[in-house]
Structure formats: C-alpha cells, structure tokens
Amino acid sequence: MKINKLIKTFLLASGALVVWEITITWWEKNKFELGTTYWQTYFDSPTVEKSEQNRQVFSIESTGVRIHIDVFPGPKPDAPVVIFNHGAAGYCRLFVALAQRFNDRGYTVVLPDQKGQGLSGGRRGDYSIAECTQNIVDVAKWAKTRFPGLVLMAGGSVGGGLTYYAAAAGAPVDAIACLNLFDFGNGLDGLQISRLAPVAKYPQLAALLRACFELLKPLYWLRVPFNLFGAFDKLMDARDTVFQAQWDADPVPPRLISLRALASNLNTSPAVPFEANQIPTLVINQALDQMVAISITRQNYERLAGEKSYLEVPFGHWSSQPEFWNMIVQACDEWFQKQDNKNGHSS
C-alpha cells in the first residue's frame, strides 16, 4: 500500500510539473512576442532612431541553437571591434547607448545574446555557464573572420565573468574588460552573487548545498522563479528607480531559471585559472553595489596574473545614467587603445 501511495504521489507531482512547464512555456512565448520592441522604452527617441538606422542583425549557430547578434558598424571598415556580453537576465538591446558611445570613439560594436536569453534560441532561462562561454567564443570567431580590425571584448555582471571565461577558452581577442569578475567553479562566488550569499559564509553548508544540486540532476530541466535567487530588487541604486521599474516590466529577460543553470554557477571552472591568465585584463567594479559584494570582484582581480588594471566606479550593480556609460566606455577605450598601441596596430 505504501509503495502504491508513493507511486501515486510521484505521478501526481510529475504531472503537475509537466502542466506547469507547458503552461509557462505558452505564457512566455506570447509575452515574448509582444515585447520584442520593448527595449525602446529605455531610451529617448533620437537614441532609438539612431539605433534603428545603424543596426545590422546577424545570427550564427552555437550549442545547437540560433544565436542572435546585433552589429553597429564603426566609421571605418577596419575599425577595431568590441564584443559586449550581457549578464544574467540581460540582453543585447539594453546596450544601445553603450554601442553608440563606442561608435563615437571609432569602434564597431557586436552585441550577442546567449542561449535561452534575449533574442537567441533555446528554452528560456535554460542554459549553463559552459554553453554561454561557447556562445561567446563562437561569436568572437565569427567576428574575427568578418571584420579586419582588432577584436576586443567586454561584459558586465555575469557577462564580465563570461568575458574572461570565453577569452580563456580560446576566443580570438587581444584584450578584455570585465565589469565584475566571478569564479563559477569555486562553489562560492555563484552563491555570493545570489540571495544565497549568507550560505557562502559557512563552507560546510555551502558544500551541502552543492551536494543537493548534484542529487537534483534528474530535475535539472525544472525552471524556478529567477527572483528567488537573484536579488534583482537591488540591481540599481536610487538614481535609477525609473529604469528599475522599466526592467521589472520587461518581457524579454527570462524570469525563470533552470536548476541546470543554477548548478553551473557552482561547478564550472574557467579553462585557464585566474592565476595563470595571460590576457590583458581591465577589471571594473561598482563601489556602490548592493546586489553583489564588491569584495568578490576585487579578490578575483588580485588573483589575476598577467597585465591587468583595476577601476572602481561610483554606481550600483547596473545603471542607465549617462555618466555610468561614459565612465565604462572611456575606461574600456583607454585600455583597448593601450593594447592597440603596444601591438603596433592602427585604430
């Protein structure tokens, strides 16, 4: 009798999960299709119009899905190329203002979306750090063959960590800039950048949590509300309350995340440890960050070997303020030009 009851409970639970997944997939699809122009909400009319005029759209195949790429050509055919990588719950068209600032400084800008995110293919919110890394590597290889200029790379939040991961995994880039730097293989950073940060203070508890994720492998396909883990209510500081409200209503960022994605934040080491890095790396940190402790990025910067530089900016984890974009682009431009001049290239 007990066995029959367990089987019945298991079947009911499985059926409920399947119904949940079918329902949420239908809801996501309809909401997403209605929101593909939502990105325009974030910007003024001149910025939107300039973006629509200059943007070129491409796609490549990577990790079994179609990867969406927006390109904003520079003023010269041989302009240096900067690839900018979004973070978790971000997507390429959030960076239109950044792209235009890089354009103004003479760069071609490549903005890709990773698997299961933005305008790319794949089940929403179901990806891994390894897959996102491979997506970025494939985009960089595509850019290297398509554009004759120097290829550089940057990224923000999780995208900052992924920028290092991709460069370490063979992305053909000459230098990188990481707005945040995380180690997704030490079992702690993945906790510290989430609402589970308090768990990271207790190594045995953190190890137990990682073991629980291992036991949940048969359910890695299951998606849960992203807000349970990401402190997105602390994404921006007080200067960005309007932008925060706009982002909260945006239908494009995945609002669910798979257990597979969460687990990958705890068990995916870079191809080259920070201590063996040979890629010129600028690390930028947000001094007023309330979402992620600034000590994480600072400590990982200190671990980096090779040529490196560190900068803190007076903003929260993310911002829509023009001053924020200006600081980021200026810092990246100065770092990239330094590498350009050192290697004898002409911008």
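All figures in this text were calculated on a predicted structure; none of them were measured in a lab.

Cut-offs used in this document
- Residues numbered from 1 in each chain as written.
- Predicted model: local features only at pLDDT ≥ 70, side-chain atom pairs only at ≥ 80, totals over all residues.
- Heavy atoms only, no water.
- Salt bridge = Lys/Arg side-chain N within 4 Å of Asp/Glu carboxyl O.
- Helix = DSSP H or I, 4+ residues; strand = E, 2+ residues; numbered from the N terminus.
- Buried < 20%, exposed > 50% of the residue type's maximum accessible area, 1.4 Å probe, protein only.
- Contact = heavy atoms within 4.5 Å.
- Arc of directions from axis to C-beta.
- Pairing = 2+ DSSP bridges.
- Axes fitted to C-alpha atoms, helices over the stretch in contact; angles between N-to-C directions.
- Core = buried A, V, L, I, M, F, W, Y, C linked by side-chain atoms within 4.5 Å.

**Q** Outline the pattern of salt bridges, listing residues and values.
**A** Here the idea is simple: oppositely charged side chains can pair when their charged atoms come close. This structure, assessed with the given rule, holds 15 salt bridges. The residue D333 makes a salt bridge to R105 at a minimum N-O spacing of 2.8 Å. Within this pair, whereas D333 is found in helix α11 (residues 322-342), its partner R105 is found in the loop between α3 (96-104) and β4 (108-112), the two being separated by 228 residues in sequence. The class of R105 is partly exposed, set by a relative accessible area of 38%. Notably, a salt bridge pairs K338 with E307, separated by 3.6 Å at the nearest N-O pair.

**Q** Requested: an account of the environment of G118, with residues and values cited.
**A** Of note, G118 is situated in the loop between β4 and α4 (129-146). Taking the C-alpha atoms as reference points, G118 and G90, 28 residues apart in sequence, are found 7.0 Å from one another.

**Q** Tell me about the environment of A231, residues and numbers included.
**A** Structurally, A231 can be placed in the loop between β7 (223-225) and α8 (241-248). Of the residues examined, A231 reaches a relative accessible area of 7% and is grouped as buried. Separated by 59 residues in sequence, A231 and Q290 place their C-alpha atoms 9.0 Å apart. Excluding residues that lie within four positions of it along the chain, A231 makes contacts with R195 and M291.

**Q** Give a description of helix α10 (residues 294-303) that names residues and reports values.
**A** Since the α-helix turns once every 3.6 residues, residues separated by three or four places project in the same direction. Listing the buried residues of α10 in full gives I294, I296, T297, N300 and Y301. In an axial view of α10, the angular spread of the buried residues amounts to 160 degrees, which keeps them on one side of the axis. Those residues of α10 hidden inside the fold are in contact with α6 (189-192), β9 (281-286) and β10 (308-313).

**Q** I'd like to hear about the sheet that holds strand β1 (residues 56-62), residue by residue, with values.
**A** Read from one edge of the open sheet, eight strands run β1-β2-β4-β3-β5-β6-β9-β10, paired in mixed fashion. On the outer flanks of this sheet lie β1 and β10, each paired with one strand and no other. In this sheet, adjacent strand axes meet at a mean angle of 20 degrees when their direction is disregarded. As judged from the four bridges shared by strand β2 (residues 65-72) and β4, these two strands associate in the antiparallel manner. Opposite I69, over in β4, you have P112 as the bridge partner.

**Q** I'd like to hear about the nonpolar core, residue by residue, with values.
**A** The biggest cluster of nonpolar side chains holds 107 residues, and the ones touching the most others in it are W318 and F336. For F336, the residues in contact, after removing those within four places along its chain, are V82, Y107, L152, M153, A154, A175, I176 and A177.

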